Amino acid sequence: MSIGTEPATKPAAPAEAATLELSTVSKWYGNVVAINDVSMRLGPGVTGLLGPNGAGKTTLLHMMAGMLAPSRGTVRIAGQPAWRNPDVYRYLGLVTERENVHGFLTAREFIRASAKLQRLPDVSAATQRALEMVDLVDAADRRIETYSKGMRQRARVAAALVHDPQVLLLDEPFNGMDPRQRMHMMDLLHRMASAGRTVLFSSHILEEVEQLSGTVQVIVAGRLAASGDYRKIRRLMTSRPHEFVLASSDDRALAVALMAEDSVAGVELTGGHASRGVPEGGIKVRASDYGRFTRALPRIAKERGIRLSAVVPADESLESVFSYLVGAK
Amino acid sequence: MSARTTVAPASGPRLFNPTIAGITLRGLLGRRRSLLLIPLPLVLIALSLLVRTGNVPTKDALQVVVTGLGVAVILPLTALIIGTSVLGSEIDDGTIVHILAKPVARREIVLTKYLIAAVVSGLVAGVSLLIAGTIVASVSVGVGFAVAGLIGAFVYSALFVLASLVIRRAVLVGLAYILLWEGLLGNVLDGTKVLSVQKYVSEFAATFSGSSLVHGPMSLILAIVMSAVLTVGALLIAVDRLRSFSMAGETS
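Note that this is a predicted model, so its numbers are computed, not measured. Along each chain, residue indices are assigned from 1 in the same order as the chain's sequence is written. As a convention, the first chain written is A and the first ligand written is 1, with the rest following in written order. Local features are withheld for residues below a pLDDT of 70 in this predicted model, meaning they are given only at 70 or higher, and side-chain atom pairs are given and counted only at 80 or more; totals for whole chains, interfaces and linings count all residues. Heavy atoms throughout the structure, all of them, feed into the side-chain values; hydrogens and water do not.

## Examining the overall build of chain B
Then, number 1: Assigned secondary structure in chain B consists of ten helices and zero strands.
Then, number 2: Here a helix means four or more residues in a row that DSSP labels H or I, a strand means two or more in a row labelled E, and each is numbered from the N terminus. Each helix and strand of chain B, ordered N terminal to C terminal, gives the series α-α-α-α-α-α-α-α-α-α.
Then, number 3: Using a 1.4 Å probe on the protein chains alone, a residue whose accessible area is under 20% of its type maximum counts as buried, one over 50% counts as exposed, and one in between counts as partly exposed. With 252 residues in all, chain B has 51% of them scored as buried.
Then, number 4: Should any heavy atoms of two residues lie within 4.5 Å, those residues are counted as being in contact. The long-range fraction of contacts in chain B, counting pairs at least 24 apart against all pairs at least 6 apart in sequence, stands at 76%.
Then, number 5: Only carbon and sulfur atoms are counted for the fraction: they give 70% of the accessible area of chain B, which is about 11300 Å².
Then, number 6: Charge counting treats Lys and Arg as positive and Asp and Glu as negative, with His and both chain ends excluded. Each charge is placed at NZ for Lys, CZ for Arg, CG for Asp and CD for Glu. Computing the positive centroid from 18 side-chain charges and the negative centroid from 10, chain B places the two 6 Å apart. Only the protein chains shown count as covering a residue, and every accessible area follows the Shrake-Rupley method with a 1.4 Å probe.

Below you can see the structure in the form of C-alpha cells.
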C-alpha cells in the first residue's frame, strides 16, 4: 500500500516543521516489543490513532506525551524532545485514558490550577474560556467527584487545553460518552484543528475515526500498519474478502449455487461439528464483495428452496480487519 | 499572591509552588489515611499523664514514654503516613499526571510536596512531643524534644517521599525500617545508629533540652552531618526519579 503521511489539512511549507514528530521510535519491555520502529510526522489537523486493544496505542501516546522513555528513537513536540523535558507541556495538552482527577476540587478549581501551573497571564479568563469550550460552565462549581463519566472527561479536556496548546493528545476520548457528548467533543476537536492545532486521538472503534478524522495512523501489534487518508484505508478494508459460515437444509446444493456467483471467491464444505450457533455440517464461504454477497445469499436460497439455519460472519472482529491491513502492506 | 511573585522571572529557579501546595494539602487532609494521625498523639499524651500521676522517676518516664514512644514510634509513623501520601497516593491513583503534564520543574514539584509533608508531620509530632515532654519533665525538656522532632520530621519526610517514588509498597518498607532497623536492631547492634534517624533525633533532643535527664546516643556532629546527607541525598534522587517518571502502558 502506498499511502503517504501528508499533513491532515494543507501541505506544510518545507520550512515549517511538523509539530509532532516521531523518528524510528521503538519501545520494549525486556524481550517484549511494545512499539516497533514507528516514524510519523503530524501537522495541523485531526489525526486518528487507530488500532485494536493491546496494539500499543497507549504506549505510543505516552511516549509522545513525554511520560515514557522510548527504548530507541526520538519524539519531538514543536521541535523539542519530549522525554525529560517539562517545557514541552507549554505546547502540549494531554488527556489520558485513566480518568482519575483530584475529585475534591470543583471543575473550576481544577482548570484554574492547570492555568496557574501553565503560568498563564490571565488565569480567570483562560479558565472561563476552557469551561465554555467544553460546555461545563453550569456545573463548574460542583466537586468533580459528583460528576458523571462524560462530565469528568470534559473537565479533563478543559484542563488540557486551557493554555491553547499546539498539540493535543487524547487517549480514547470518547469512552463513556453518550452520543450528544460525543458530537460535542468531535465538534470541539474539529474547531481546534481548523484553528491550526495538531489533534491526535486514539481509538479502537472504526466509526469514531471515520466521523472525526481525515487522516489515520493504524497501529497493529506495535507497528505502523498504515497511515494516511482515511478513505483509502477504508476502501482497502471493505474490499477485503469476508468469510461466512453457513448452515442450511442442503449444504451441497447451496455450495454449487454460490460458486456461480461473482461475489463469491471460494466455497468449502466443512462438515464441521456444532459450534458457535452453527449446527453440524455447514459450508464456509469466502465473499469478495460483502455487500453483493449478503444481498445474493437470501435470493439464492429462496430460488433453490434451501432453508438457511445459520449465517455467521467468521472474521468480523476488528483484529482481523487490522491484520488484513498488515498483510496488505 | 504578592506582586513580587508575579513579576519573578519565569526562568528563575523556583523551589515552591503554591498551587501544588494547595492541592497537596487538601488531598492530604481529605484522605482517610490521615485520620490515623489523630489517635497517635492522643496515646502519647495519655501515657505521659499516666506516668506523671504514677510514681515513675522522671528519667525513666522520659526514656520510656517520650523517647520510646514519641520519638521512636509516633514521629516516624506520622512522617511515614504523610510522606508516602503527598506524592505516592497521587502516583497510585494516577492524578499525578495532571501535575506532571505542566511546564513545572520537577524539582519544584518534589520540594513543594516535601515541604508540605515535613511541615505537617513536624507540626503533629512536634506539638505532641512538646506536650508530652512538658507533662513528664518540664517546658524546656518539652521544647527540646519538639525542636528535635521537627528536625527529625524533615529527615524522615525526605526518605519517605523518595520511598513512595521508587518503591511500590513504600508504606510496608517504611514500617520495616522503623520497626526492624531502628526499633529492633537499633537497640541490639550499636553500629546501626549511624543510619538511624531515631538516634539523631534523640541526640538533638538531648542537646536542645539541655537537661541531664536526657542522654544522647551519639556525637552531635555526626547526627547533624548524617541528617543533612540523608535529607539532601534523598531529595536529589527523588527529583531525578520524578524527571524520569514513566506511566504504565496498556493493561489489557
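## Structural notes on the domain arrangement of chain A
Then, number 1: Along its sequence, chain A is carved into domain 1 (20–235) and domain 2 (239–328).
Then, number 2: Summarising the inter-unit geometry, the C-alpha centres of domain 1 of chain A and domain 2 of chain A are found 40 Å apart. For every domain, the bounds stem from an assignment made automatically or drawn from a database.

## Concerning the UniProt feature "transmembrane region" (unreviewed entry) in chain B
Residue and element names in this part refer to chain B.
Then, number 1: As recorded in UniProt, the sites labelled "transmembrane region" (unreviewed entry) are residues 35–55, 61–82, 114–137, 143–163, 170–189 and 218–239.
Then, number 2: Along residues 61–82 the backbone is 100% helical and 0% strand, and the end-to-end C-alpha distance reaches 28 Å.
Then, number 3: Taken end to end, residues 218–239 comprises 91% helix and 0% strand; its first and last C-alpha atoms sit 31 Å apart. UniProt positions are given in the numbering used here, feature names are shortened, and annotations may be inferred rather than shown by experiment.

## Some remarks on the packing of helix 4 (residues 58–93) of chain B against helix 7 (residues 139–166) of chain B
Then, number 1: Every axis corresponds to a line fitted to the C-alpha atoms, with the helix fit spanning only the stretch in contact, and the corresponding angles, defined between N-to-C directions, vary from 0 to 180 degrees. Contact geometry for helix 4 of chain B and helix 7 of chain B: axes closest at 8 Å, N-to-C directions at 35°. Two packed elements cross with a definite hand, and for helix 4 of chain B against helix 7 of chain B that hand is right-handed. Left-handed is the label given to a crossing in which the near helix is rotated counterclockwise from the far helix by less than a right angle, and right-handed is the label when the rotation is clockwise.

## A few points about the pairing of strand 3 (residues 45–50) of chain A
All names here are of chain A.
Then, number 1: Burial runs high along strand 3: six of the six residues are buried.
Then, number 2: Of the two faces of strand 3, the one lined by Gly 45, Thr 47 and Leu 49 and the one lined by Val 46, Gly 48 and Leu 50 are each fully buried.
Then, number 3: Between any two strands, pairing holds if DSSP finds at least two bridges. Both strand 3 and strand 9 (residues 215–220) contribute to a ladder of four bridges, which runs parallel. When the sheet's bridge partners are listed, Thr 47 is paired in strand 9 with Thr 215.

## Describing the packing of aromatic side chains
Residue and element names in this part refer to chain B.
Then, number 1: Any Phe, Tyr or Trp ring, taking Trp's six-membered ring, that has another such ring centre within 6.5 Å forms a pair; planes under 30 degrees apart are called stacked, those over 60 apart edge-to-face, and the others tilted. Counted under the stated rule, the structure contains five aromatic pairs over all chains.
Then, number 2: A ring pair is formed by Tyr 114 and Phe 154, whose centres lie 6.1 Å apart and whose planes are at 80°; its orientation type is edge-to-face. Residue Tyr 114 is found in helix 6 (residues 106–136), and its partner Phe 154 is found in helix 7; the two are separated by 40 residues along the sequence.
Then, number 3: Overall, the relative accessible area of 28% leaves Phe 154 in the partly exposed class.
Then, number 4: Between Phe 204 and Phe 208, the ring centres sit 6.4 Å apart and the planes meet at 35°, which makes this aromatic pair tilted. In this pair, Phe 204 and Phe 208 are both assigned in helix 9 (residues 197–209), four residues apart and thus about one turn of the helix distant.
Then, number 5: Using a relative accessible area of 6% as the deciding quantity, one classes Phe 204 as buried.

## Describing the environment of Val 264 of chain A
Residues and elements named next belong to chain A.
Then, number 1: Structurally, Val 264 can be placed in strand 12 (residues 264–272).
Then, number 2: Of the residues examined, Val 264 reaches a relative accessible area of 9% and is grouped as buried.
Then, number 3: Separated by 110 residues in sequence, Val 264 and Arg 154 have C-alpha atoms that sit 47 Å apart.
Then, number 4: Once residues lying within four places of it in the same chain are set aside, the contact partners of Val 264 are Leu 258, Val 285, Arg 286, Ala 287, Ser 288 and Phe 293.

## Re the interface of chain A and chain B
Then, number 1: Taken together, the contact between chain A and chain B spans 34 residues of the former and 33 residues of the latter.
Then, number 2: A combined buried area of about 3000 Å² lies between chain A and chain B, and 58% of that area is made up of carbon and sulfur atoms.
Then, number 3: The salt bridge partner of Arg 119 of chain A is Glu 108 of chain B, with a shortest N-O separation of 2.6 Å.
Then, number 4: Polar contacts, as counted here, are pairs of nitrogen or oxygen atoms within 3.5 Å of one another; within protein the pair requires one atom able to donate a hydrogen and one able to accept it, and residues that are adjacent in sequence qualify only if both atoms are side-chain atoms. For the pair chain A and chain B, the number of links is eleven residue pairs in polar contact (both at pLDDT 80 or more).
Then, number 5: Elements that contribute at least two residues to the side of chain A that touches chain B include exactly helix 1 (57–64) and helix 2 (107–117) of chain A. Defined in terms of a 1.4 Å probe, buried area is the accessible area two parts forfeit on being brought together, summed over both. Each salt bridge in this description consists of a side-chain nitrogen of Lys or Arg and a carboxyl oxygen of Asp or Glu lying within 4 Å of one another.

## Things to note about the nonpolar core
Then, number 1: Take the buried Ala, Val, Leu, Ile, Met, Phe, Trp, Tyr and Cys residues and link them wherever side-chain atoms come within 4.5 Å; each set so joined is a nonpolar core. Core analysis: the biggest nonpolar cluster contains 99 residues, and Leu 60 and Leu 169 of chain A have the highest contact counts within it.
Then, number 2: Among the elements that make up this core, the one with the highest residue count is helix 4 of chain B (16 residues).
Then, number 3: Not counting residues up to four positions away in its chain, the partners in contact with Leu 60 of chain A are Leu 22, Ile 35, Val 38, Met 40, Leu 49 and Ile 219 of chain A.
Then, number 4: Judged by nonpolar contacts, the second largest core, of 53 residues, contains Ala 107, Phe 110, Val 209 and Val 218 of chain A.

## Examining the pattern of salt bridges
Then, number 1: Applying the stated criterion to the full structure yields 15 salt bridges over all chains.
Then, number 2: For Arg 41 of chain A, the salt bridge identified is with Glu 21 of chain A, shortest N-O distance 3.1 Å. Placement of the pair is Arg 41 of chain A in strand 2 (residues 32–42) and Glu 21 of chain A in strand 1 (residues 20–29), with a sequence separation of 20 residues.
Then, number 3: Residues joined in a network through salt bridges with shared partners are Arg 84 of chain A together with Asp 240 and Arg 241 of chain B.

## Describing the layout of surface pockets
Then, number 1: The method works on a 1 Å grid over the protein atoms by themselves. A cavity is a set of points holding a 1.4 Å probe that cannot get out, a pocket is an open set with protein on both sides within 12 Å along at least five of seven lines, and residues with an atom within 4 Å of a point line them. Grid points are joined across faces, edges and corners, and a volume is the space filled by probe spheres set on the points. Its volume calculated, the largest pocket comes out at about 1000 Å³.
Then, number 2: If you go around the largest pocket, you meet 40 residues; those closest to its centre are Arg 98 of chain A together with Ile 91, Ser 246, Met 247 and Ala 248 of chain B.
Then, number 3: Only helix 1 of chain A together with helix 4, helix 5 (96–100), helix 7 and helix 8 (170–188) of chain B provide two or more residues apiece to the lining of the largest pocket.
Then, number 4: Top contributing element to the lining of the largest pocket by residue count: helix 4 of chain B, with five residues.
Then, number 5: Three classes are used: nonpolar for Ala, Val, Leu, Ile, Met, Phe, Trp, Tyr, Cys and Pro, charged for Asp, Glu, Lys and Arg, and polar for all others, with Gly counted as polar. Residues that form the lining of the largest pocket fall into these classes: eleven nonpolar, 18 polar and eleven charged.

## Points about the pairing of strand 11 (residues 242–248) of chain A
All names here are of chain A.
Then, number 1: The buried fraction of strand 11 is high, at six of seven residues.
Then, number 2: As defined by bridge partners, strand 11 adjoins strand 13 (residues 281–287) across five bridges and the pair is classed as antiparallel. Residue Val 245 lies in a different strand from strand 13, and its bridge partner there is Lys 284.
Then, number 3: Alignment of strand 11 against strand 14 (residues 308–313), held across five bridges, turns out to be antiparallel. When the bridges of strand 14 are listed, Ser 248 appears paired with Leu 308.

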